[in-house]
Amino acid sequence: MNAVSEAFQIHHTGLAWNNQFQQLGPDFYTPLAPQALPEPYWVGRSIAVADLLGLPPEQLASDALLQALAGNRPISGTQPLASVYSGHQFGQWAGQLGDGRACLLGEANGLEVQLKGSGLTPYSRMGDGRAVLRSSIREFLCSEAMHALGIATTRALCVVGSDEEVARESLETAAVVTRVAPSFIRFGHFEHFAARNQLPQLKTLADYVISRYYPDCNSASTLGANPYANLLMQVTERTAVMLAHWQAVGFCHGVMNTDNMSILGLTIDYGPFQFLDAFDPGHICNHTDRGGRYAFARQPDIAHWNLYALAQALMPLIEDQALALQALDTFKPVFERTWQQLMRAKLGLLDAAREEDQTLIADLFTLLAQDRVDYPIFWRRLSHAVGGQHFAPVRDLFLDRAAFDGWQMRYAERLSTGAPDQAAALMLKTNPKYVLRNYLGELAIEAAKARDFSGVANLAVLLERPFDEHPEFESFADFPPDWASRIEISCSS
Ligand code: AMP
Ligand code: MG
């Protein structure tokens with residue numbers, strides 16, 4: 001068969017495709033096919049995500065699927081589209097945005113499948129519709145890593161690369177990530193129709209999200225029988241839980257614009273994100289974020305701000321400001337409760353919470369920040385210390401040893417009321433040995449640029465089980481090298 005006729009062949013995945021989002025109607029999207037990407041190659045693949053979709057794993061080795069996910073062959077049964085949304089970026093109303101480089105193929109097994117970096121759409125604005133290899137690898141690895149850490153997130157089936165050049169600060173090459181989630185609807189989808197006063201569309205969207213993802217919003221809650229207020233409350237609660245997990249694990253998202261906030265409370269749109277190395281509440285991981293709007297410690301407040309923007313958009317449906325405010329007020333208590341629970345697990349406090357636990361935790365964070373202690377290493381060493389009752393390796397991480405000793409005495413006393421062995425076991429399952437530090441991603445990316453994808457594959461395997469010891473990767477659990485602090489990651493991706 002010659003190259004031309006092969007390119008037009010339809011790929012049959014064997015999946016039963018449908019697309020409920022598409023049934024919302026043409027006001028919500030533009031139908032369009034992904035743009036062809038020349039001579040694609042596999043960069044990274046997840047068997048676990050293939051399983052979720054019901055995709056036979058051998059397809060992840062097939063050239064036909066590679067071509068299809070690169071946009072070179074239509075996939076039988078899909079109805080690709082780019083959706084329209086708006087949003088607030090860095091605190092300012094940005095107007096219409098939309099899937100400027102993403103394309104929803106449809107749904108398989110109840111999950112939406114989306115290509116990111118698949119070329120120009122009517123919403124590309126000044127962009128080229130592409131994503132670079134570097135950011136595609138980061139998104140692929142991080143979404144799977146977050147899932148393994150127990151954090152709600154979109155998933156990634158694979159990354160395909162190509163030598164096609166794309167211009168960013170320098171010339172780079174293009175790649176496409178295939179992302180998977182129950183829905184890619186964002187706060188910005190609601191803001192879009194509210195800002196245009198398109199109330200029937202706003203209602204259609206809200207009713208769809210409720211009936212499909214939040215069906216119990218139709219029953220009365222503490223807020224009464226207002227389904228839209230209930231929706232706001234449940235989104236608020238899910239977002240608060242997600243933020244508590246981010247803060248506990250030391251994850252900095254970097255671009256918490258309202259168009260990057262999932263209506264399902266999933267971590268979405270991995271750009272300049274970073275797992276903290278040294279603990280610094282003021283850490284800014286996005287080089288473009290000069291003012292530090294999205295600095296690590298500000299993330300919960302920003303999420304709450306974003307929920308206010310969502311509430312504003314839902315107001316024409318909620319029709320009762322007091323109710324909307326009541327829904328938003330659940331953020332702080334849910335965040336606080338979840339964060340305290342996560343912290344107690346990280347510290348191995350198994351018995352009932354005590355009044356003094358809050359100060360014990362707060363004082364620890366003061367010390368971690370003062371001495372810029374490496375965040376993942378602190379928690380992992382603490383977990384081992386509790387098991388062996390030997391705290392010297394933890395103490396070594398602090399400059400102010402006397403302050404640490406004071407804290408550690410209080411902690412030891414508190415732990416002695418429980419069962420240290422059980423505590424250590426819990427801590428080792430709660431405090432990951434491996435996280436996707438920026439420099440680890442960078443090493444895998446550099447190798448991938450030279451067409452060596454083993455680094456991506458190794459990290460994918462490692463981060464799928466971040467709590468296991470993996471002695472063969474011991475050095476990946478060590479302190480970052482000096483050059484790690486000089487890595488600059490911007491919005492450009
Ligand atoms: P992000 O900062 O990645 O969340 O993107 C914000 C908006 O810009 C979204 O509407 C994206 O689809 C769009 N966008 C980002 N990069 C590109 C690109 N290279 N080409 C087209 N649109 C883009
Ligand atoms: Mg985005």
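Model, not experiment: these values are computed from the prediction.

Visitor: I'm lost on the overall build of the chain in this one. Help?
Guide: If you tally the helices and strands in the chain, you get 17 helices and 13 strands. Against the 2.2 N^0.38 benchmark of 23 Å for 493 residues, the chain shows a C-alpha radius of gyration of 23 Å, consistent with a compact globule. The principal-axis extent of the C-alpha atoms belonging to the chain is close to 70 × 55 × 40 Å. Sorting the 493 residues of the chain into buried and exposed places 58% on the buried side. Across the chain, every contact between residues at least 6 apart in sequence was considered, and the portion connecting residues at least 24 apart equals 72%. Just so you have it, the chain exposes about 19600 Å², and 54% of that area is on carbon and sulfur atoms. Taken as two groups, the 38 positive and 54 negative side-chain charges of the chain have centres that lie 1 Å from each other.

Visitor: Mind showing me how you'd approach the coordination of the magnesium ion (ligand 2) here?
Guide: Octahedral six-donor coordination of a metal ideally yields angles of 90 or 180 degrees, compared with 109.5 degrees for tetrahedral four-donor coordination. Taken together, the protein donors to the magnesium ion (ligand 2) comprise Asn-260 (OD1) and Asp-269 (OD), at separations of 2.0 to 2.1 Å. Each member of the pair, Asn-260 together with Asp-269, is buried.

Visitor: Is there a simple way to think about the side chain of His-192 in this case?
Guide: You can see His-192 is positioned in helix 5 (residues 187–195). Owing to a relative accessible area of 2%, His-192 belongs among the buried residues under this scheme. Discounting chain neighbours no more than four positions away, the residues touching His-192 are Val-84, Tyr-85, Ser-86 and Gln-96.

Visitor: Can you walk me through the environment of Leu-314 in this structure?
Guide: With respect to the helices and strands, Leu-314 occurs in helix 8 (residues 299–318). For the pair Leu-314 and Leu-231, spaced 83 residues apart in sequence, the C-alpha to C-alpha distance is 9.4 Å. Residues contacting Leu-314, with those up to four places away along its chain left out, are Phe-190, Tyr-228 and Leu-232.

Visitor: Hey, could you run me through the site of ligand 1 in this one?
Guide: Around ligand 1 lies a shell of 17 residues, among which Gly-98, Gly-100, Arg-125, Gly-129 and Asn-260 are the nearest. Within the backbone of Gly-129, a nitrogen or oxygen atom sits 2.8 Å from a nitrogen atom of ligand 1. Out of a free accessible area of 480 Å², ligand 1 has 82% covered by protein chains. A domain-level breakdown of the shell around ligand 1 finds at least three residues from each of domain 1 (3–181) and domain 2 (187–341).

Visitor: Hey, could you run me through the domain arrangement of the chain in this one?
Guide: Domain boundaries in the chain define domain 1 (3–181), domain 2 (187–341) and domain 3 (349–428). Between domain 2 and domain 3, the C-alpha centre-to-centre distance is 32 Å. Of the residues lining the interface, 12 residues belong to domain 2; the matching set on domain 3 comes to 10 residues. For the domain 2 face of the interface with domain 3, the top three residues by lost area are Phe-279, Trp-339 and Gln-340, together amounting to 56%. Our enumeration of links across domain 2 and domain 3 arrives at 1 salt bridge. The residue Arg-372 makes a salt bridge to Asp-280 at a minimum N-O spacing of 3.7 Å.

Visitor: How should I be thinking about helix 6 (residues 199–213) in this particular structure?
Guide: Quick reminder: α-helices carry 3.6 residues per turn. Residues three or four places apart thus point the same way. Compared with an ideal rise of 1.5 Å per residue, which puts 15 residues at 21 Å, helix 6 spans 21 Å between its outermost C-alpha atoms and is within 8% of the ideal. If you check which residues of helix 6 are buried, you get Gln-201, Leu-202, Leu-205, Ala-206, Tyr-208, Val-209, Ile-210 and Tyr-213. Its buried side turned inward, helix 6 meets strand 7 (102–108), strand 8 (111–116), helix 5, helix 7 (227–249) and helix 8.

Visitor: I'm lost on the pairing of strand 10 (residues 155–167) in this one. Help?
Guide: Consecutive side chains along a regular strand alternate between the two faces of the sheet. For strand 3 (residues 41–45) and strand 10, the ladder comprises 4 bridges, and the chain directions are antiparallel. From the neighbouring strand, Arg-45 faces strand 10, where its bridge partner is Cys-158. One ladder, built from 9 bridges, connects strand 10 with strand 11 (residues 171–181); its direction is antiparallel. The residue bridging Cys-158 from the neighbouring strand is Thr-178, located in strand 11. The turn linking strand 10 back onto strand 11 is made up of 3 residues.

Visitor: For this particular structure, what's the right way to read the pattern of salt bridges?
Guide: Two side chains carrying opposite charge are able to pair once their charged atoms lie near each other. In total, this model carries 25 salt bridges according to the counting rule given. Note that Arg-186 and Asp-269 form a salt bridge whose closest N and O atoms lie 2.9 Å from each other. A residue pair is termed long-range when its members are at least 10 positions apart, and Arg-186 in the loop between strand 11 and helix 5 and Asp-269 in the loop between strand 12 (251–252) and strand 13 (274–275) qualify at 83 residues.

Visitor: Just checking my understanding: could you explain the packing of helix 7 against helix 9 (residues 321–328) for this structure?
Guide: Packed helices, taken two at a time, are described by the angle between their axes plus the distance between the axes. In contact at an axis separation of 8 Å, helix 7 and helix 9 are set at 20 degrees when each is read in the N-to-C sense. By the angle between their directions, the pair helix 7 and helix 9 is classed as roughly parallel. In this structure, helix 7 meets helix 9 at a crossing whose hand is right-handed. Where helix 7 abuts helix 9, its residues Ala-229, Leu-232, Met-233 and Thr-236 lie against Leu-323, Ala-324, Ala-327 and Leu-328. A per-class count over the contact of helix 7 with helix 9 returns 7 nonpolar, 1 polar and no charged.

Visitor: Explain the packing of aromatic side chains to me, please; I cannot follow it from the model alone.
Guide: Each aromatic ring pair is characterised by the separation of its centres together with the angle its planes make. Per the stated rule, a full pass over the model turns up 25 aromatic pairs. With a centroid separation of 6.1 Å and 90 degrees between ring planes, the pair formed by Tyr-208 and Tyr-213 is classed as edge-to-face. In terms of burial, Tyr-208 and Tyr-213 fall into one category: buried. Pairwise contacts between aromatic rings join Phe-279, Phe-296, Trp-339, Phe-365, Tyr-375, Phe-378, Trp-379, Phe-391, Phe-398, Phe-404, Trp-407 and Tyr-411 into one cluster. Of note, Arg-138 hangs over the ring of Phe-273, and the distance from its end group to the ring centre comes to 4.1 Å. In this structure, Lys-346 is placed above the aromatic ring of Trp-379, and the distance from its NZ or CZ to the ring centre is 4.8 Å.

Visitor: I would appreciate a short explanation of the nonpolar core in the present structure.
Guide: Soluble, globular proteins show a tendency: their nonpolar side chains are buried together. If you look at the biggest cluster of nonpolar residues, it comprises 135 residues, and the most contacted ones within it are Phe-190, Phe-378 and Tyr-411. Ranked by the residues each element gives to this core, the list is headed by helix 7, at 13 residues. Dropping the residues within four chain positions of it, Phe-190 is found in contact with Ile-185, Leu-202, Leu-205, Ala-206, Val-209, Ile-263, Leu-310, Ala-313 and Leu-314. With 28 residues, the next largest nonpolar core counts Leu-66, Leu-111, Leu-157 and Val-180 among its residues.

Visitor: In this structure, what is going on with the pairing of strand 5 (residues 86–89)? I would like to understand it.
Guide: Sheet analysis places strand 5 next to strand 6 (residues 92–96), joined by 3 bridges and oriented antiparallel. Residue pairing in the sheet places His-88 in a bridge with Trp-93 of strand 6.

Conventions used here
Residues numbered from 1 in each chain as written. Chains lettered and ligands numbered in written order. Predicted model: local features only at pLDDT ≥ 70, side-chain atom pairs only at ≥ 80, totals over all residues. Heavy atoms only, no water. Helix = DSSP H or I, 4+ residues; strand = E, 2+ residues; numbered from the N terminus. Rg over C-alpha atoms; globule rule 2.2 N^0.38 Å. Buried < 20%, exposed > 50% of the residue type's maximum accessible area, 1.4 Å probe, protein only. Contact = heavy atoms within 4.5 Å. Areas by Shrake-Rupley, 256 points an atom, 1.4 Å probe, with all protein chains shown as cover. Lys, Arg positive; Asp, Glu negative; His and termini not counted. Charge placed at Lys NZ, Arg CZ, Asp CG, Glu CD. Donors = N, O, S within 2.8 Å, 3.2 Å for Na, K, Ca; no water. Near = heavy atom within 4 Å. Polar contact = N/O pair within 3.5 Å; in protein donor to acceptor, adjacent residues only side chain to side chain. Domains from an automatic or database assignment. Buried area = accessible area lost by both parts, 1.4 Å probe. Salt bridge = Lys/Arg side-chain N within 4 Å of Asp/Glu carboxyl O. Expected span 1.5 Å × (residues − 1). Pairing = 2+ DSSP bridges. Axes fitted to C-alpha atoms, helices over the stretch in contact; angles between N-to-C directions. Parallel < 35°, antiparallel > 145°, perpendicular 65-115°, else oblique. Left-handed = near helix turned anticlockwise from the far one by under 90°. Nonpolar A, V, L, I, M, F, W, Y, C, P; charged D, E, K, R; others polar. Phe/Tyr/Trp six-rings, centres within 6.5 Å; stacked < 30°, edge-to-face > 60°. Lys NZ or Arg CZ within 6 Å of the ring centre and 35° of its normal. Core = buried A, V, L, I, M, F, W, Y, C linked by side-chain atoms within 4.5 Å.

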